[in-house]
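Examination of the molecular architecture
Here's the letter readout for the chains.
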Amino acid sequence: MRPWLRDAIACAAIFLAVFIMFPEMAINGKLFSRGDDSESAASMNEFAVQEAQAREYPLWCPYVFGGFPSLAAGGYSNYEHMGMPYALANRYLSPRYWMDVVTTRVLFWGGFGDEHSSARWLLALFLYAGLFTYLLMRSLNFDALISLFSSLLMAWNPYLISLATAAHGGKMMTFIYLPLILLLTWNVMSKRRLLDLALLAAAFGWQIAVGGHTQILFYSFAAVGLVYLVWLIFELKERPLALAFKPAAFIGVALLLGFAVGALWYVPLLKFVGYSIRGMAPAFAETAQPGYSMADATMWSFHPQELLTFVVPSWFGLKSPYYWGDMPFTSSSFYFGVVPLLFAVLAFFGKKDRLFWGLLAVSGFALLLSFGKHFETFYGLFFDHFPFFNKFRTPSLILLLAVLAGIVWAGYGLRFVLGLGEDPKWKKRFLIGGVVCLALLLLFVVAGGVFSGLFGSFAKAGEERQYNPQQLEQLRQIRFDMLKKDLLFSLFWLTAAFAACWALLSRKLKPNLFLIGMILITLIDLWRFSHQFFEPQPAGDALAGLKPNKVVEALKLDKSVFRVMPLGRIAQDNRWAAWEVASLGGYHGAKMRSYQDYQDYVFTKGSDPQVPVNFECYSAMNCKYFVAEGQLPPELGYEQVAVDQQAKWILYRNSHALERAYFVDSVETISDRKQVLQRLTRGDFAWNSMATINESLPGAIAVGVQRRAEVSEYIPHRVKLRAEVAGPSFMVFSDAYYEPGWEALDNGKPARIYLVNGYVRGLFLQPGTHEIEYRYVGTYERRGVLIATVAHFLVWGLVAGCFLYERRRRLVAAA
């Protein structure tokens, strides 16, 4: 069979494997998840599409948190809806865009009218993960069947499936490029061609602009750097210093170009992070260190004992509520098959090249860093000294690098076994291995319960306070039964693998049949295991949860400028953005610190100790309505407006709510945000007539004079107000303050925006009539878009030019 035909059949097999694993997603459009995270992401993307169609792609979202810089915070994943010329560069000139079109709308039957196929674009990611791994393995001169083996491990990877189910597509979308990036990095180091530099820049650009998950990006760059350092050690023994360092310059240029392609939101992100919970410490924190504390950052550290889960995945309960390991909870596993793990170990006995040792460095680094608080000395080096690292959490996430290394090593191991011939020593070892695994299998089948004490306590700290003794015993039994089942399966697969290796060396099994057998064993194992991480959700509109309910429909009837405050569990609901109803609640992993301070120290500091809600603050924030999942106390005096029985929501009108723009009689200048929060929570602070400001006013404000203000236009990037004041006045506008984005014009002249009450905006007005305009100029966002657009054209021009140059060079050489 010709090589191209073998490759075509292998690629078709990868596609078929993804299709078979997720048929209901491909055929019926079912979803991986309908959870809060999915709806949150869909809500922001839906808002972005609506705004892009109505006006322009939104840089600011006014419908959650009282407003926040949504583009700078990475709130969207649909930049293809941005206008020209970025759309031309990011869509029509980008091979990735056309890959998505073919994959999601043709191969996976999405159709060209399916704009919200959240399931099918995830299927595309699984397909890309497998194809990129196959390309890497084939480029390393592995046989097509061995390459297919490794690529299927990636396409059916349980951890990637758990990311899809948990609506963490950004992590997955960033990670899948790593096999391609490792391949192109290898080509840059070995060939030193400008074409490889250009292709690596394009791959980095895809990973940064399309994926963009900062923590995965850091791990990816660390992997590239470690592979290069190992390669450099070998290279310095053979080549002059200058030639050895040349690939480093190529990789550096490619990375810079990649960041330029991803500058769309990384440029504004670098500015925004200093205003966010990732870059600013809580107001009452013991230290002013930005980012997470060490304790918070390392909660999801991987305990060294949990390395056993690479062999027996449910050793520590696999996923919550049965998980009893050291992490608070988990719903994922880094298991990639016990048979591939066996061949990854066998790879260490075979021939090892530079990439093998590079992957060993990557894997060792990943393991040590994943231990987090269990090896705090090592983790602390990065936490304390590397930029942005203290803004990451979940140290265990880096084990994706170890999984990738193991998948590639499995290919090395298979090649090693195939090259043994009839080696009698290894034939004996495989026979002994099979006999031992079979004996253990039979032993645990017959008397597994006797050995339960050898596997641990099957209890998690603190559970004695959650469950009674009988429930605890039942939980322990369930956990042991899970472990026993997976242990028996692992021993069975290992017995079969050792037997197949022995049969291969005994000439009782042909190499291709051996490889097909190992593929089938592994696929059966992963099929059984991976299905524990997803359950297809009902088919239909992926945005069904965003359809307005009766409460939302009632709110839509109110044409004034107002806010709603969802109370209790629904306070973090982002669907208000899709409904274009302004909410003071919301969720985002990097919300503004000023909002988080309010959430931590102000919103729950009400005057009534029986109801710990600061209704006075909410009223000042223009919360004209409250939405609750149950009855509010009648003594609060709020009028019930609407009820949605299905959503179990009740809508209340707050007659005390202030307008979006209102005037105060007195201001206090307090620059320290801790002191601001303390002042706001004192009982004598009158929200409707007092305010704190961050710097002194140019003059005193008049009291008792006529003042009036109304909003004449309100859209995401622009707010217009008309105000009339008879004396010097201070007007509070209760939208979130964000200095890098907003500017104010008072009668066409720039006006100073004051930080009011530590969170919102204010203007000092002289007597007279004022036409006021707040404009979101988005300097950093627009700068990022410009850089990204130019970089797209530059990178693809470089790829095309270098390709034509290489083609011409080959033709000249052939002549």
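Residues numbered from 1 in each chain as written. Predicted model: local features only at pLDDT ≥ 70, side-chain atom pairs only at ≥ 80, totals over all residues. Heavy atoms only, no water.

1. Digging into the overall build of the protein
Here is the rule we go by: For the purposes of this entry, the term helix denotes a DSSP run of H or I that reaches at least four residues, the term strand denotes a run of E that reaches at least two, and both are numbered from the N terminus. Only protein chains enter the accessibility calculation, which uses a 1.4 Å probe; a residue whose area is less than 20% of its type maximum is buried, one above 50% is exposed, and one in between is partly exposed. Working definition of accessibility: Shrake-Rupley area with a 1.4 Å probe, residue cover restricted to the visible protein chains. In this tally Asp and Glu are treated as negative and Lys and Arg as positive; neither His nor the chain ends contributes. Note that the charge is assigned to NZ on lysines, CZ on arginines, CG on aspartates and CD on glutamates.
Within the protein one finds 28 helices and 15 strands. Summarising its shape, the C-alpha atoms of the protein cover approximately 100 × 80 × 50 Å along the three principal directions. Among the 815 residues that make up the protein, the fraction classed as buried is 55%. Within the structure as shown, the protein displays about 34,200 Å² of accessible surface, and the carbon and sulfur contribution to it stands at 60%. With 74 positive and 62 negative side-chain charges, the protein shows a spacing of 11 Å between the two charge centroids.

2. Side note on the sheet that holds strand β4 (residues 649-653)
Note: strands within a sheet are paired through backbone hydrogen bonds, in either parallel or antiparallel orientation. Put simply, the test is: DSSP bridges decide pairing: two strands pair if at least two such bridges lie between them. Helix axes are fitted only over the stretch in contact, all axes being lines through C-alpha atoms; the angle between N-to-C directions runs from 0 to 180 degrees.
Sheet architecture is open: 4 strands sit in the order β1-β2-β4-β3, paired in mixed fashion. Strand pairing shows two members of the sheet lacking a second neighbour, β1 (563-566) and β3 (639-644), which therefore form its edges. On average, adjacent strands in this sheet sit at an angle of 25° to one another, irrespective of strand direction.

3. A word on helix α14 (residues 263-272)
So the rule is basically this: Contacts: residue pairs with any heavy atoms within 4.5 Å of one another.
For α14, a buried count of 7 out of 10 residues is recorded, marking the element as mostly surrounded by other parts of the structure. Where α14 is buried, its residues meet α4 (86-92), α11 (194-211), α12 (214-235), α13 (241-261) and α28 (779-814).

4. Quick look at the pairing of strand β10 (residues 729-736)
β10 sits mainly inside the fold: 8 of its 8 residues count as buried. Bridging between strand β5 (residues 661-664) and β10 involves 4 bridges; their strand directions are antiparallel. Considered in β10, the bridge of A661 is made with F733. Alignment of β10 against strand β14 (residues 760-765), held across 6 bridges, turns out to be antiparallel. Bridge pairing links V732 to G762 in β14.

5. Some points on the packing of aromatic side chains
Here is the rule we go by: Any pair of Phe, Tyr and Trp rings, taking the six-membered ring for Trp, is counted once the centres come within 6.5 Å. Such a pair is stacked with planes under 30 degrees apart, edge-to-face with planes over 60 apart, and tilted for the rest. Only when the NZ of Lys or the CZ of Arg is both within 6 Å of the ring centre and within 35 degrees of the ring normal is a charge said to sit over the ring.
Tallied over the full model, the rule gives 89 aromatic pairs. Seen in terms of ring centroids, W426 and F430 are 5.5 Å apart; in terms of plane orientation they differ by 40°. Their pairing is tilted. Of this pair, W426 and F430 both sit in helix α20 (residues 424-447), separated by 4 residues, roughly a single helical turn. You can call W426 buried: its relative accessible area is 10%. Relative accessible area serves as the criterion here: at 1%, F430 is assigned to the buried category. Among the aromatic residues, ring-to-ring pairing joins F65, F68, Y595, Y598, F603, F615, Y618, F626, Y638, F685, W687 and Y759 into one connected group. The ring of Y412 carries the charged tip of R415 above its face, separated from the ring centre by 5.5 Å. One residue, R761, lies across the ring of Y774, its end atom 5.0 Å from the ring centre.

6. Comments concerning unusual backbone geometry
Cis geometry marks the peptide bond from M84 to P85; its omega dihedral reads 0°. Mapping P85 onto the fold places it in the loop between α3 (36-54) and α4. A cis amide bond, omega 10°, links S320 with the succeeding residue P321. By secondary structure assignment, the location of P321 is in the loop between α15 (294-297) and α16 (338-346). Of note, R192 is a non-glycine position whose phi angle comes to about 55°, a positive value. Inspection of the secondary structure assignment puts R192 in the loop between α10 (178-191) and α11. A residue is classified by how much of its surface remains accessible, and R192, at 15% relative accessible area, is buried. With a phi angle near 55°, N757 is a residue other than glycine that sits in the positive phi range. Along the polypeptide, N757 turns up in the loop between β13 (754-756) and β14.

7. Examining the confidence of the model for the protein
So the rule is basically this: The predictor attaches a confidence to each residue, and that confidence, scored 0 to 100, is pLDDT.
The share of residues in the protein with pLDDT of 70 or more is 96%, and the mean pLDDT across the chain is 90. Mean pLDDT in the protein bottoms out at α3, which sits at 81, and peaks at α16, which reaches 97.

8. Brief notes about the state of the cysteines
So the rule is basically this: The disulfide definition used here is simple: a pair of cysteine sulfur atoms within 2.5 Å.
Inspection of every chain in the model, using the stated rule, returns 0 disulfides. The closest cysteine sulfur to the non-disulfide-bonded C623 is located on C617, 7.8 Å from its own sulfur. Judged by relative accessible area, C623 falls into the buried class, the value being 0%.

9. Here we look at the packing of α11 against α28
When two helices pack together, their arrangement is given by the angle between the helix axes and by the axis-to-axis distance. Threshold: In what follows, roughly perpendicular refers to angles from 65 to 115 degrees, roughly parallel to angles under 35, roughly antiparallel to angles over 145, and oblique to any angle outside these ranges. For a crossing to be left-handed, the near helix must be turned anticlockwise from the far one by less than a right angle; the clockwise case is right-handed. Residue polarity follows a fixed list, in which Ala, Val, Leu, Ile, Met, Phe, Trp, Tyr, Cys and Pro are nonpolar, Asp, Glu, Lys and Arg are charged, and the others, Gly among them, are polar.
One way to put it is that α11 packs onto α28 with a least axis distance of 8 Å and a crossing angle of 150°. By the angle between their directions, the pair α11 and α28 is classed as roughly antiparallel. α11 and α28 meet at a crossing whose hand is left-handed. Two secondary-structure elements touch here, α11 through L194, L195, L197, A198, L199, A201, A202 and W206 and α28 through V795, W796, L798, V799, C802, F803 and E806. Grouping the amino acids of the contact of α11 with α28 by side-chain chemistry returns 14 nonpolar, no polar and 1 charged.

10. Focus on the environment of I407
With respect to the helices and strands, the residue I407 is situated in helix α19 (residues 399-418). Sequence spacing of I407 and S150 is 257 residues, and the spatial spacing of their C-alpha atoms is 5.6 Å. When near neighbours in sequence (up to four residues on either side) are disregarded, I407 contacts T133, S150, L153, M154, N157 and F336.

11. A word on the sheet that holds strand β12 (residues 749-751)
If you trace the 5 strands from one edge of the open sheet to the other, you get β8-β9-β15-β11-β12, paired in antiparallel fashion. At either end of the open sheet lies a strand with only one pairing partner, and these are β8 (707-715) and β12. Looking at each pair of strands side by side, their axes are set apart by 25° on average, direction ignored.

12. A few points about the side chain of R120
Threshold: A 3.5 Å cut-off defines polar contacts: any pair of N or O atoms within that distance qualifies, except that in protein one atom must be a possible hydrogen donor and the other a possible acceptor, and neighbouring residues in sequence count only when both atoms are side-chain atoms.
Along the chain, the position of R120 falls in helix α6 (residues 118-139). R120 sits in the buried class, given a relative accessible area of 7%. At 2.8 Å, the side chain of R120 and the backbone oxygen of F108 are in polar contact.

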